[in-house]
Amino acid sequence: IAMIHSIPELKVSTGEAESLGKEDERRLLANRRLVLLVDLDQTLIHTTNDNIPPNIQDVKHFQLGGPQSPWYHTRIRPKTSQFLKNISKYYELHIFTYGARLYAHTVAKFLDQDSQLFSHRILSRDECFDSRLKTANLPSLFPWCV
């Protein structure tokens, strides 16, 4: 099972994953925190690759594959930063998106510049086992549920 979402090639045995997952579960219970899975697109942000003028306020413009790749334009929903900071007091936040890994990590930096909210807890479509059903991928996030 891939335990570090940003390095899905690094895998551990199911037994080791369950052991590490149990440690996570104990830590969450000791800290009295729940887990909140946060979707990106159409939830916290809106991204398009339509032709958007560069001077529109509060829109992040970026390319993922170098100077010849398409431009993406992301707008973060109002009050998202405040919401995430407030909710992170009660929840361990995870990003779970069907966006590609590079896209997910790029947008996560817009939302969490210091990696204080999500850290490495970002699961993209590149790490998913099943591209049709998000719940089929939950053991990758929570191995104690296997």
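Residues numbered from 1 in each chain as written. Predicted model: local features only at pLDDT ≥ 70, side-chain atom pairs only at ≥ 80, totals over all residues. Heavy atoms only, no water.

1. Structural notes on the sheet that holds strand β2 (residues 45–48)
Which entries qualify depends on this criterion: The rule for pairing is simple: two strands pair if DSSP sees at least two bridges between them. Each helix is a run of DSSP H or I of at least 4 residues and each strand a run of E of at least 2, with the numbering of both proceeding from the N terminus. A fitted line through C-alpha atoms represents every axis, and for helices the fit uses only the stretch in contact; the resulting angles, taken between N-to-C directions, go from 0 to 180 degrees. Throughout, a residue-residue contact means that at least one pair of heavy atoms, one from each residue, lies within 4.5 Å.
Strand order in the open sheet formed by three strands is β2-β4-β3, and the pairing between neighbours is antiparallel. Whereas interior strands pair on both sides, the edge strands pair on one side only; in this sheet they are β2 and β3 (59–63). Averaged over all pairs of adjacent strands, the angle between strand axes in this sheet comes to 25 degrees, irrespective of strand direction. Looking at chain direction, β2 and strand β4 (residues 71–76) are connected through four bridges and run antiparallel. Within β4, the position partnered with T48 by the bridge is H73. Its contacts with the sheet place helix α3 (residues 101–111) against β2, β3 and β4, and it is angled at close to 150 degrees to β3.

2. Considering α3
The test is simple: For every residue, the accessible area obtained with a 1.4 Å probe (protein chains only) is divided by the maximum for its type, and the residue is called buried under 20%, exposed over 50%, and partly exposed between those limits.
Of the residues making up α3, those classed as buried are Y103, A104, T106, V107, A108 and L111. Structurally, α3 contributes buried residues whose contacts are with β2, β3, β4, α2 (80–87), β5 (91–96) and β6 (122–123).

3. Section: the layout of surface pockets
Going by this rule: Residues are said to line a cavity or pocket when one of their atoms sits within 4 Å of a point; the points come from a 1 Å grid over protein atoms alone, cavities being sets where a 1.4 Å probe fits but cannot get out and pockets being open sets with protein on both sides within 12 Å along at least five of seven lines. Grid points are joined across faces, edges and corners, and a volume is the space filled by probe spheres set on the points. Under this grouping Gly is polar, as are all residues other than the nonpolar Ala, Val, Leu, Ile, Met, Phe, Trp, Tyr, Cys and Pro and the charged Asp, Glu, Lys and Arg.
In this structure, the second largest pocket occupies an estimated 190 Å³ of space. The wall of the second largest pocket is formed by I76, T80, S81, K85, F110, L111, D112, Q113, Q116 and L117. Listing elements by their share of the lining of the second largest pocket, those giving two or more residues are α2 and α3. With three residues, the single largest contributor to the lining of the second largest pocket is α2. A breakdown of the residues in the lining of the second largest pocket according to their chemical character gives four nonpolar, four polar and two charged.

4. Remarks on unusual backbone geometry
Negative phi values dominate among residues other than glycine, just as trans dominates among peptide bonds. Backbone geometry places K79, a non-glycine residue, at a positive phi of 70 degrees. Using a relative accessible area of 63% as the deciding quantity, one classes K79 as exposed. The phi angle at S115 is positive, at roughly 55 degrees, despite the residue not being glycine. Along the chain, S115 falls in the loop between α3 and β6.

5. Here we look at helix α1 (residues 14–30)
What counts here: Given the number of residues in a helix, its expected span is that number minus one, multiplied by 1.5 Å. Within this analysis, the arc is defined by the directions that extend from the helix axis to the C-beta atoms.
With 17 residues, α1 should reach 24 Å at 1.5 Å per residue; the first-to-last C-alpha distance of 24 Å fits that figure. Residues of α1 that are buried include every one of A17, G21 and L28, and no others. The buried residues of α1 occupy one face: seen down the axis, they fall within an arc of 35 degrees. Exposed residues pointing more than 90 degrees away from the buried face of α1 are listed as R26, L29 and A30. Buried residues belonging to α1 abut β1 (34–38) and β5.

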